[in-house]
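Breakdown of the fold
If you want the building blocks of each chain, they are given just below.
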Amino acid sequence: MLSKKIEAALNGQVAIEAFSSQSYLAMASWAENQGLSGTAAFLYRHSDEERLHMLKLMKFVNERGGRAVVPALKQPSTKFQTITEIFRSLLEARDPCDRGDQWGSGPVLEGEGLHHA
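All of these numbers come straight from a predicted model, not from anything done at the bench.

Across its full length, the protein chain carries five helices and zero strands. Going from N to C terminus, the protein chain has its helices and strands arranged as α-α-α-α-α. In the protein chain, buried positions account for 33% of the 117 residues. Considering only contacts in the protein chain between residues 6 or more positions apart, those separated by 24 or more positions represent 72%. On the protein chain, roughly 7700 Å² of surface is accessible, and the fraction owed to carbon and sulfur atoms is 56%.

Along the chain, Arg-51 falls in helix H2 (residues 37-63). Each C-alpha atom of the pair Arg-51 and Glu-17 lies 6.4 Å from the other, and the pair is 34 residues apart in sequence.

All right, on to the packing of helix H1 (residues 4-33) against H2 then. Each pair of packed helices can be described by the angle between their axes along with the distance between the axes. Axis separation between H1 and H2 bottoms out at 8 Å; the angle between their running directions is 165°. By the angle between their directions, the pair H1 and H2 is classed as roughly antiparallel. For the pair H1 and H2, the sense of crossing is left-handed. Of the residues that constitute the contact of H1 with H2, the class distribution is 16 nonpolar, eight polar and five charged.

All chains considered together, the criterion is met by three salt bridges. Across the pair Glu-7 and Lys-4 runs a salt bridge whose closest N-O atoms are separated by 3.8 Å. Placement of both Glu-7 and Lys-4 in helix H1 is noted, with a separation of three residues, approximately one turn of the helix. A residue is classified by how much of its surface remains accessible, and Glu-7, at 11% relative accessible area, is buried. A relative accessible area of 65% places Lys-4 in the exposed class. In this structure, Lys-59 engages Glu-63 in a salt bridge whose closest nitrogen and oxygen atoms are separated by 3.8 Å. Linking Lys-59 with Glu-63, this pair stays in helix H2, spanning four residues, or about one helical turn. By relative accessible area, which is 41% here, Glu-63 ends up partly exposed. Members of the salt-bridge network, linked through shared partners, are Lys-59, Glu-63 and Arg-64.

Rules used in this analysis
Residues numbered from 1 in each chain as written. Predicted model: local features only at pLDDT ≥ 70, side-chain atom pairs only at ≥ 80, totals over all residues. Heavy atoms only, no water. Helix = DSSP H or I, 4+ residues; strand = E, 2+ residues; numbered from the N terminus. Buried < 20%, exposed > 50% of the residue type's maximum accessible area, 1.4 Å probe, protein only. Contact = heavy atoms within 4.5 Å. Areas by Shrake-Rupley, 256 points an atom, 1.4 Å probe, with all protein chains shown as cover. Axes fitted to C-alpha atoms, helices over the stretch in contact; angles between N-to-C directions. Parallel < 35°, antiparallel > 145°, perpendicular 65-115°, else oblique. Left-handed = near helix turned anticlockwise from the far one by under 90°. Nonpolar A, V, L, I, M, F, W, Y, C, P; charged D, E, K, R; others polar. Salt bridge = Lys/Arg side-chain N within 4 Å of Asp/Glu carboxyl O.

Have a look at this one:
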């Protein structure tokens with residue numbers, strides 16, 4: 001059974017992953033409309049990956065007796081001028097867990113620790 005504190009933290013990460021997926025999706029759509037099909041494909045793949053992270057976390061919470069919460073969707077930015085702006089925003093918005101600034105849910109997202117006895 002998950003503690004309420006851990007459940008809340010994981011549900012917070014679910015919201016982060018959902019917003020990341022939406023952001024990549026918005027960027028992919030912009031790139032596609034600019035005729036940047038390779039960049040669009042790259043960004044669509046990353047949107048899918050972030051959604052997969054969200055799903056893994058939700059299953060992790062539910063399988064341990066917690067209640068995963070589907071977050072409300074926030075409108076990501078859609079006002080991009082250049083591809084450089086998109087990639088700069090990606091670098092600035094990286095999850096602190098990816099940068100190694102603090103503990104993270106990396107092992108969960110990578111498939112470790114998803115099984116319990």
